[in-house]
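Observations on the three-dimensional arrangement
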Amino acid sequence: DPPPPTRGVPLTPSSRVVCSSTCYRAETDTGREPWGLYRVHQFTKVEMFGVTAAESGAESEALLAEFLALQKEIFSELGLHYRVLEMPTQELGLPAYRKFDVEAWMPGRGKYGEVR
């Protein structure tokens, strides 16, 4: 069967796509709403997607390793100290079976955090 139609991007078993989207997330640093305000912050998220064949059963794992290596290369080239976290299964979305977060060291905060 052919792949489902996309917005002008034909997907094949070797496709790799980068997407960006504007996201909003509730503020959670204080744990309370000051002066009755509900605060959110806006950020732009960049995500990598890929399509793999299912011929040997190892294609998906290889693509995930490729994406992780690319993220590590970007952080290293930028001179950022980082760590890689493998996310627990209860934090995965429905289509995911495995996920990594890469966090950068933030000297001003004295800890690692998401780079958005």
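Residues numbered from 1 in each chain as written. Predicted model: local features only at pLDDT ≥ 70, side-chain atom pairs only at ≥ 80, totals over all residues. Heavy atoms only, no water.

Attention shifts here to the pairing of strand β4 (residues 100-106). Counting buried residues along β4, five of its seven residues qualify, which places the element largely inside the surrounding structure. Sheet analysis places strand β3 (residues 82-86) next to β4, joined by five bridges and oriented antiparallel. For Arg 83, the partnering residue across the bridge sits in β4 and is Glu 103. The sheet contact formed by β4 and strand β5 (residues 111-114) spans four bridges and is antiparallel. Across the sheet, residue Ala 104 finds its bridge partner in β5, namely Gly 113. (Buried < 20%, exposed > 50% of the residue type's maximum accessible area, 1.4 Å probe, protein only. Helix = DSSP H or I, 4+ residues; strand = E, 2+ residues; numbered from the N terminus. Pairing = 2+ DSSP bridges.)

Take the sheet that holds β3 next. Taking strand neighbours across the sheet as the criterion, the three strands line up as β3-β4-β5 in an open arrangement whose pairing is antiparallel. Looking at strand neighbours, the two that pair on one side only are β3 and β5, the edges of this open sheet. Along the sheet, successive strands turn relative to each other by an average axial angle of 40 degrees, direction set aside. Across the face of the sheet, helix α1 (residues 59-77) comes into contact with β3 and β4 while running at roughly 10 degrees to β4. (Axes fitted to C-alpha atoms, helices over the stretch in contact; angles between N-to-C directions. Contact = heavy atoms within 4.5 Å.)

By size, the foremost hydrophobic cluster in this structure holds six residues: Leu 64, Leu 68, Phe 75, Phe 100, Val 102 and Ala 104. Secondary-structure elements contributing two or more residues to this core are α1 and β4. Beyond its immediate chain neighbours, meaning those up to four positions away, Phe 75 contacts Leu 80, Tyr 82, Val 102, Glu 103, Ala 104 and Val 115. (Core = buried A, V, L, I, M, F, W, Y, C linked by side-chain atoms within 4.5 Å.)

For the rest of this paragraph, the subject is the confidence of the model for the chain. For the chain, per-residue confidence averages 82 on the pLDDT scale, and 80% of positions sit at 70 or higher. Within the chain, strand β2 (residues 40-50) has the poorest average pLDDT of any element, 83, and β3 the best, 95. (pLDDT = per-residue confidence, 0-100.)

Our next topic: the pattern of salt bridges. Going through the model one piece at a time under the given rule, you end up with six salt bridges. A salt bridge links Glu 47 to Lys 45, with the nearest nitrogen and oxygen atoms 3.9 Å apart. Judged by relative accessible area, which is 32%, Glu 47 ranks as partly exposed. A residue is classified by how much of its surface remains accessible, and Lys 45, at 31% relative accessible area, is partly exposed. Each of Glu 61, Glu 86 and Arg 98 takes part in salt bridges that share partners, so that together they form one network. (Salt bridge = Lys/Arg side-chain N within 4 Å of Asp/Glu carboxyl O.)

Take the side chain of Glu 59 next. Summarising the element assignment, Glu 59 is placed in helix α1. For the buried residue Glu 59, which engages in no salt bridge, the nearest side chain bearing the opposite charge is Arg 16, 11 Å off. Separated by 2.8 Å, the side chain of Glu 59 and the backbone nitrogen of Ser 56 make a polar contact. (Lys, Arg positive; Asp, Glu negative; His and termini not counted. Polar contact = N/O pair within 3.5 Å; in protein donor to acceptor, adjacent residues only side chain to side chain.)

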